[in-house]
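The residues making up each chain are set out below.
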Amino acid sequence: MNRITTMINNIAENVIDTYDIHTPIRNINDVVTVLGGYLNESADICNSDVMKQNDRFVIYIPSFYSVERKQFAVAQELGHLFLHMGYKISPKLWDKQRNMAYYESKSPLEEYQANDFADALLMPKDVYKKVLEQYTTGGKVQTAKIAEYFGVSVSTAYSRGKSLGLLA
């Protein structure tokens, strides 16, 4: 892991500890509520997004997303909220946010960072290692079982293991 990815993982772990979030996350709506925001699901939108709303936030999500896709998309928007909008981390940055959707300023780097945050929030490093050990027999990793445990797609579970240096 590079230095930035390590910092992002630490921020996610601090959020988990500070807000007493239990892994695996079974209901991402509960996490949003605990963090002081709310979720707005609609068939009228195509992509997820996060928006400041006074001192709180709202995450918009398409209602047609699968459970796994919704879980990851919401966690990714939480990444933007903490990392790029300063929510609960940088009052100065948070105060600069206008009551508008954040998508207008997302860069490819910010998307990558938000993905790292989502991975770390949904699959904390230490928990991931334990689950990986549980679902590895004879050197064969059952990635689908890991994905099922965390409520994410198989590709998301695999990429998390790869980024942690646990999978080739």
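As the structure is a prediction and not an experimental result, all values here were calculated from the model.

Novice: What exactly am I supposed to notice about the packing of aromatic side chains here?
Specialist: Each aromatic ring pair is described using two quantities: the centre-to-centre distance and the angle formed by the ring planes. With the rule as written, the count across this model stands at seven aromatic pairs. Arranged with centres 4.9 Å apart and planes meeting at 65°, the rings of Y87 and W94 form a pair that is edge-to-face. By relative accessible area, Y87 is classed as buried at 3%. Here W94 falls in the buried class, since its relative accessible area comes to 7%. Ring centres of Y149 and F150 lie 4.9 Å apart, and the angle between their planes is 85°; this geometry places the pair in the edge-to-face category. Looking at F150, the relative accessible area reads 0%, which means it is buried. Through pairs of rings, three or more aromatic residues link up here, namely F57, F82, Y87, W94 and F117. Cation over ring: R26 sits above Y149, and NZ or CZ is 5.9 Å from the ring centre. The side chain of R69 reaches across the aromatic face of Y65, ending 5.0 Å from its centre.

The rules behind these values
Residues numbered from 1 in each chain as written. Predicted model: local features only at pLDDT ≥ 70, side-chain atom pairs only at ≥ 80, totals over all residues. Heavy atoms only, no water. Phe/Tyr/Trp six-rings, centres within 6.5 Å; stacked < 30°, edge-to-face > 60°. Buried < 20%, exposed > 50% of the residue type's maximum accessible area, 1.4 Å probe, protein only. Lys NZ or Arg CZ within 6 Å of the ring centre and 35° of its normal.

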